[in-house]
Amino acid sequence: MPTIINPDYDAVVIGAGVTGIYQTYLLDQNGMSVLGVDAAEDVGGTWYWNRYPGCRLDTESYAYGYFALKGIIPEWRWSENFAGQPEMLRYVNAAADRMDIRRLYKFKTKVVSAHYNEADNVWDIRLDDGACLTCRYLISATGPLSASAMPDYKGLDLFQGEAFHSSRWPTDADGKPRNIDFAGKRVGVIGTGATGVQIIPIVAETAQDLFVFQRTPNWCTPLGNSALGEEEMDLIKARFPTILEYVKTTPTAFPYHRDTRKTSEVPEKERNAFFEALYDKPGYGIWLSTFRDLLLSKESNKILADFVAGKIRQRVDDPEVAEKLIPVDHPFGAKRVPMETNYYETYNQPNVHLVDIKTTPIDEFVAQGAKIGEEIYDLDVIIFATGFDGITGSLDRIDIRGHDGVRLIDAWVDGPSTYLGLQARGFPNFYTLVGPHNGSAFCNVGVCGALQAEWVTQMLCYMKAGNYSYAQPTQAAEKQWTDAVYADFARTLMADTNAWWVKVTQKPDGTTVRRTLVYVGGGPEYRKRCEEVAYGGYEGFELA
Ligand code: NA7
């Protein structure tokens, strides 16, 4: 049994995004000493880093904004149904001001390593400024999409223009995102996920030429954003408590429930009218409130995919370009569906060129631009909208070691193994908010991350009251949870699709392991299980 020493802090929270600042606040409110650490200069997390033109929420603002819904900033008013990044950053800052959270944070600082010290039952933390400290509880709130994935292309260092990842937009001397004037410039965008789909139409408005280097097309559907008028916002504000209760009832905490019918139960004419209505409605409805077998039946999925493909063909003038923009390798909705604004119409502009890099990949970069075969695409700016090493990527970049010095990255070499997606055996007192296998990563993070922070706070308060200072899952509980997560995912059409929530690992023996990083059982089921565990005195955890 470990001895007890007083660590420097009760808890260290990694991350100052929406989840991290709330967790830090809750622990502070409950009388715990807590240090928050974040690499950025200030709060915001994903909304701090993603400052590219066109960046905005793909969730209804009022459904994402937990701090407004919860009454932390009850006066908050949204200006758009799907807020843009500047407004999102103002929102997080307003909440941080109200919670007076910055005094608890060390910004511009990264956690380099976190080693569990068995003798003292503390985590030894080393920061990149050289500081070393101890804490009892280590809580990661690093967000599902914070570790940028920058491809290692040959010759990129030779490129004479400007090249950067979408989440590292160049800044001016004052630290503000640079307003790059694309007029007269030849711009390349690599990547056509949600980020590329937001950037491309904006850059295309002014660039002399825009080359979209596409490896895999995505199923994109209209965002349908609009301004929120004063009266509309008054009504939304009056419904804040109702909205929060409602999103808690849905599988993903987005304000959508699936239609309870199977696709085959609905006559074709009615089905098409249903799809038309969903396609025209703002937001994720076409993905999340369509028929219940969308991600379970290939045949049903194809019916909706064909409908969306038809829309793409209608919206893109050049039939060859349209075909290139229609996914052939994955079912509709098996990856997160990018929400677009004039994305497909952008390809009707004469200055926009779609380059298929699946059939003819970029060989290398040279001083002038990208080289494919014998052709060189002259470029002034290259934007890598190449996504993120999802969910576990930010943890992999920290040297985390548990009992017996075992590295987390080694313990999870065959995929994460967790209990409730919140703890892994062998890594006591380490909580992963919005981490692998919990109901937050595949979710409206604004709400799910906060609910999880509340649950962890309750557990730590319970431990304090019961004089416990050590918690880790039992082997049986972890196995049962992990097996169920993998089995649930395997039943869906998402299982065979590569997305940022699937981790593909090449093993030294040449075999490949594909593992889901998300829990697909749905938020209500997830939270029910968490509440049962809490009610049962944190059953499934070894407390000491
Ligand atoms: P995504 O959705 O992971 O998309 C990344 C895109 O970048 C995708 O089109 C990738 O093609 C492409 N990519 C990645 N690496 C390369 C290389 N090396 N060469 C060419 N193309 C590449 O990330 P996003 O940032 O767009 O969106 C992330 C989430 O943010 C999104 O789901 C929303 O929830 C918000 P691939 O498909 O791998 O062939």
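Residues numbered from 1 in each chain as written. Predicted model: local features only at pLDDT ≥ 70, side-chain atom pairs only at ≥ 80, totals over all residues. Heavy atoms only, no water.

Participant: I keep staring at the state of the cysteines and nothing clicks. Help me out?
Facilitator: What makes a disulfide is a covalent bond joining the sulfur atoms belonging to two cysteines. Going through the model one piece at a time under the given rule, you end up with 1 disulfide. Between the sulfur atoms of Cys 443 and its disulfide partner Cys 448 the distance amounts to 1.8 Å. Left unpaired, Cys 55 is separated from the closest cysteine sulfur, that of Cys 220, by 16 Å. Relative accessible area serves as the criterion here: at 1%, Cys 220 is assigned to the buried category. (Disulfide = S-S within 2.5 Å. Buried < 20%, exposed > 50% of the residue type's maximum accessible area, 1.4 Å probe, protein only.)

Participant: Could you clarify how one ought to interpret the nonpolar core in this entry?
Facilitator: Note that soluble globular proteins tend to have their nonpolar side chains buried in a common cluster. Counting 148 residues, the largest nonpolar core has Ile 21, Tyr 22, Phe 67, Phe 332, Ile 383, Leu 420 and Trp 455 as the members making the most contacts within it. Ranked by the residues each element gives to this core, the list is headed by helix H16 (residues 445–465), at 11 residues. If sequence neighbours within four positions are ignored, Trp 455 has contacts with Leu 420, Leu 422, Cys 530, Glu 531, Val 533, Ala 534, Tyr 538 and Phe 541. The next biggest cluster of nonpolar side chains, apart from the first, holds 22 residues, and it includes Ile 125, Cys 135, Ile 400 and Trp 412. (Core = buried A, V, L, I, M, F, W, Y, C linked by side-chain atoms within 4.5 Å. Helix = DSSP H or I, 4+ residues; strand = E, 2+ residues; numbered from the N terminus. Contact = heavy atoms within 4.5 Å.)

Participant: What's the story with the site of the ligand in this structure? I'm lost.
Facilitator: The ligand sits among 19 residues. The nearest are Tyr 153, Thr 195, Arg 215, Thr 216 and Trp 500. Side-chain polar atom of Arg 336 to an oxygen atom of the ligand: 3.0 Å apart, as the coordinates give it. Its residues placed into classes, the shell around the ligand shows 9 nonpolar, 7 polar and 3 charged. (Near = heavy atom within 4 Å. Polar contact = N/O pair within 3.5 Å; in protein donor to acceptor, adjacent residues only side chain to side chain. Nonpolar A, V, L, I, M, F, W, Y, C, P; charged D, E, K, R; others polar.)

Participant: Please explain the environment of Tyr 25 as it appears in this structure.
Facilitator: Inspection of the secondary structure assignment puts Tyr 25 in helix H1 (residues 18–29). We classify Tyr 25 as buried; its relative accessible area is 18%. Along the primary structure Tyr 25 and Ala 273 are separated by 248 residues, whereas in three dimensions their C-alpha atoms are 47 Å apart. Not counting residues up to four positions away in its chain, the partners in contact with Tyr 25 are Met 99 and Ile 101.

Participant: Mind showing me how you'd approach the layout of surface pockets here?
Facilitator: Which parts of space are left empty comes out when a probe the size of a water molecule is rolled across the atoms. Each pocket or cavity is described by its volume, and for the second largest pocket that value is around 560 Å³. Forming the boundary of the second largest pocket are 22 residues, of which Pro 251, Arg 258, Arg 292, Leu 295 and Val 520 lie nearest the centre. Within the lining of the second largest pocket, the residues separate by chemical class into 11 nonpolar, 7 polar and 4 charged. (1 Å grid on protein atoms, 1.4 Å probe; cavity = no way out; pocket = protein on both sides within 12 Å on 5 of 7 lines; lining within 4 Å. Points joined across faces, edges and corners; volume = space filled by probe spheres on them.)

Participant: What's the story with the packing of H16 against helix H18 (residues 523–535) in this structure? I'm lost.
Facilitator: Helices that pack against each other are described as a pair by the angle of their axes relative to one another and the distance between those axes. Where H16 contacts H18, the two axes come as close as 12 Å, and the packing angle between them is 5°. Taken together, H16 and H18 sit at an angle that is classed as roughly parallel. Between H16 and H18, the contacting residues are Cys 448, Leu 451, Gln 452 and Trp 455 on the first element and Tyr 526, Arg 527, Cys 530, Glu 531, Val 533 and Ala 534 on the second. Considered class by class, the residues forming the contact of H16 with H18 number 7 nonpolar, 1 polar and 2 charged. (Axes fitted to C-alpha atoms, helices over the stretch in contact; angles between N-to-C directions. Parallel < 35°, antiparallel > 145°, perpendicular 65-115°, else oblique.)

Participant: For this particular structure, what's the right way to read the packing of aromatic side chains?
Facilitator: Two aromatic rings, taken as a pair, are described by how far apart their centres are and by the angle between their planes. Scanning the entire structure with this criterion turns up 40 aromatic pairs. Judged by centre distance (5.9 Å) and plane angle (65°), the ring pair of Trp 481 and Tyr 526 falls under edge-to-face. Of this pair, Trp 481 sits in helix H17 (residues 475–490) while Tyr 526 sits in helix H18, placing them 45 residues apart in sequence. Judged by its relative accessible area of 9%, Trp 481 is buried. One aromatic cluster is present, built from ring pairs that chain together Tyr 22, Tyr 25, Tyr 66, Phe 67, Trp 76, Trp 78 and Tyr 91. Above the ring of Phe 274, the side-chain terminus of Arg 261 is found at 5.5 Å from the ring centroid. Lying across the ring of Tyr 486, Arg 515 places its NZ or CZ 4.0 Å from the centre. (Phe/Tyr/Trp six-rings, centres within 6.5 Å; stacked < 30°, edge-to-face > 60°. Lys NZ or Arg CZ within 6 Å of the ring centre and 35° of its normal.)

Participant: I would appreciate a short explanation of the sheet that holds strand E7 (residues 162–165) in the present structure.
Facilitator: Backbone hydrogen bonds are what pair the strands of a sheet, in a parallel or an antiparallel way. Strand order in the open sheet made by the 5 strands is E7-E16-E8-E9-E12, with parallel pairing throughout. In this open sheet, the two strands that pair with only one neighbour each are E7 and strand E12 (352–356). The sheet shows a mean angle of 15° between the axes of neighbouring strands, direction not considered. One ladder, built from 4 bridges, connects strand E8 (residues 186–190) with strand E16 (residues 381–384); its direction is parallel. (Pairing = 2+ DSSP bridges.)

Participant: Quick question: what am I supposed to make of empty space enclosed by the protein here?
Facilitator: A full pass over the atoms with the stated rule returns 3 cavities of 30 Å³ or more. The space that makes up the largest cavity amounts to roughly 60 Å³. Around the largest cavity sit Thr 252, Phe 254, Trp 287, Leu 288, Arg 336, Ala 441, Phe 442, Cys 443, Trp 500 and Trp 501, which together line it. Within the lining of the largest cavity, the residues separate by chemical class into 8 nonpolar, 1 polar and 1 charged.

Participant: Looking at this structure, how should I read the pairing of E8?
Facilitator: Residues in a regular strand project their side chains so that they alternate between the two faces of the sheet. Across the 5 residues that make up E8, a large majority, 4, are buried. Note: E8 against strand E9 (residues 209–214), 5 bridges, orientation parallel. Its bridge partner being in E9, Gly 188 is matched across the sheet by Phe 211.

Participant: Would you explain the confidence of the model for the chain in this entry?
Facilitator: Any region with low pLDDT has predicted coordinates that should not be read closely. In the predicted model, the chain carries a mean pLDDT of 96, and the fraction of residues at 70 or more is 99%. With pTM at 0.97, the complex prediction returns an ipTM value of 0.99. (pLDDT = per-residue confidence, 0-100.)

Participant: I tried to follow the sheet that holds strand E13 (residues 364–365) on my own but got confused; where do I start?
Facilitator: The 3 strands lie next to each other as E13-E14-E15, forming an open sheet whose pairing is antiparallel. In this open sheet, the two strands that pair with only one neighbour each are E13 and strand E15 (375–378). Examined bridge by bridge, strand E14 (residues 369–372) and E15 share 4 bridges and lie antiparallel to one another. Pairing of Gly 369 across the sheet is with Asp 378, part of E15.

Participant: In this structure, what is going on with the environment of Pro 473? I would like to understand it.
Facilitator: Note on placement: Pro 473 falls in strand E19 (residues 471–473). The spacing of Pro 473 and Pro 428 is 45 residues in sequence and 8.0 Å in space, taken between C-alpha atoms. Those residues within four positions of Pro 473 in sequence are excluded, and the remaining contacts are Tyr 419, Gln 423, Ala 424, Arg 425, Glu 478, Gly 540, Phe 541 and Glu 542.

Participant: Help me understand unusual backbone geometry in this model?
Facilitator: With glycine set apart, most residues show a phi of negative sign, and most peptide bonds adopt trans. One non-glycine residue with positive phi stands out, namely Asp 404, at about 60°. Topologically, Asp 404 is positioned in the loop between strand E17 (399–401) and helix H15 (408–411). The exposed category is assigned to Asp 404, whose relative accessible area is 68%. For Leu 420, which is not glycine, the phi torsion reads 60° and is therefore positive. Locating Leu 420 in the fold gives a position in the loop between H15 and strand E18 (430–432).

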